[in-house]
Structure formats: structure tokens, C-alpha cells
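Results of the structural survey
Next come the chains, spelled out residue by residue.
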Amino acid sequence: MKEDQKTGYSERLKSAAAAKAALLAQLRPKPTRIAETPIDRASIRAAELESVRHARLEAKTARKEAASAVAEADAQAKAQAEAAALAAKRGERKQRKALSNADAKARRDAKFASYRSKR
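Bear in mind the structure is a predicted one, so any value in this text is a computation, not a measurement.

Procedures and definitions
- Residues numbered from 1 in each chain as written.
- Predicted model: local features only at pLDDT ≥ 70, side-chain atom pairs only at ≥ 80, totals over all residues.
- Heavy atoms only, no water.
- Helix = DSSP H or I, 4+ residues; strand = E, 2+ residues; numbered from the N terminus.
- Rg over C-alpha atoms; globule rule 2.2 N^0.38 Å.
- Buried < 20%, exposed > 50% of the residue type's maximum accessible area, 1.4 Å probe, protein only.
- Areas by Shrake-Rupley, 256 points an atom, 1.4 Å probe, with all protein chains shown as cover.
- Salt bridge = Lys/Arg side-chain N within 4 Å of Asp/Glu carboxyl O.
- Polar contact = N/O pair within 3.5 Å; in protein donor to acceptor, adjacent residues only side chain to side chain.

Another point: the overall build of the protein. Per the secondary structure count, the protein includes two helices and zero strands. In terms of C-alpha radius of gyration, the protein reaches 50 Å, well past the compact-globule figure of 14 Å for 119 residues. Dimensions of the protein, computed from the C-alpha atoms along their principal axes, are close to 160 × 50 × 15 Å. Counting every position in the protein, which comprises 119 residues, the buried fraction comes to 0%. A total of about 11,800 Å² of accessible surface is found on the protein, and carbon and sulfur atoms cover 58% of it.

Take the environment of Ser114 next. Inspection of the secondary structure puts Ser114 in helix 2 (residues 41-118). We classify Ser114 as partly exposed; its relative accessible area is 32%. Taking the C-alpha atoms as reference, Ser114 lies 139 Å from Ala17; in sequence the two are 97 residues apart.

Before going further, it helps to spend a moment on the pattern of salt bridges. Working definition: two side chains of opposite charge can pair if their charged atoms are close together. Per the stated rule, a full pass over the model turns up two salt bridges. For Arg107, the salt bridge goes to Asp103, with nearest N and O atoms at 3.4 Å. Placement of the pair is Arg107 and Asp103 together in helix 2, with a separation of four residues, close to one helical turn. Given a relative accessible area of 41%, Asp103 falls into the partly exposed group.

As a further point, take the environment of Ser15. If you trace the backbone, Ser15 turns up in helix 1 (residues 9-27). Since its relative accessible area comes to 45%, Ser15 is described here as partly exposed. There is a polar contact of 3.0 Å between the side chain of Ser15 and the backbone oxygen of Arg12.

Below you can see the structure in the form of C-alpha cells.
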């Protein structure tokens, strides 16, 4: 090794003390800086709270609207099913009535034909 790179015991103690001092300087509390404009944390918190409340209110109204839309669609589907069932029932009744009317007409015609054939 070169002569200038050789360090003695005292040099090593000095460098260890310097390293320890640098480490302690990092841990030492730094002076506080005072803000130019005072920070009003209460108003910031109140604004954040208001925005959260507003977002929750919007979400709640959206859920209510979705639920009412689902309920309305369900009611419409139910009404349409009832209307279709009523229409089917009316159609069956009309068909039965038409058949009974046709049967009654056929009996009348047969009766009239037998009456005519007797004369």
C-alpha cells in the first residue's frame, strides 16, 4: 500500500467520530418552517366531509332510482301478463260462444228443415 493511504489508529477514530456525528445530524429534528399563509385544517376537513356526503347522497339517490325503476318494470310486466291472460280468457270465451251459436244455428236449421220436409 502507498504511504498516504495508510491510516493510523487516531485517523480511524476521527473518521468513526465523524461518521457518528453525520448519522446523529440526520436524526436531529429540523427547525419548523412557518407557512406564509396559515393552513385552515378545519375548513379543509369540512370541505372533504361535504364532498364525501355529497357523493354518498348521489349514490343513495342512484340506488333508489334503480330500485324504483326495477319495481316499475316489474309492475309493468305483471300488468302485461294480466292483460295477456285476460285477453286469452276473452278469446276462449268468444270461441266457445261462437261454437255454441253455430251449434244453435245448426239445430234451428235442422229443426226448420225437418218442419219443411213434413209439409
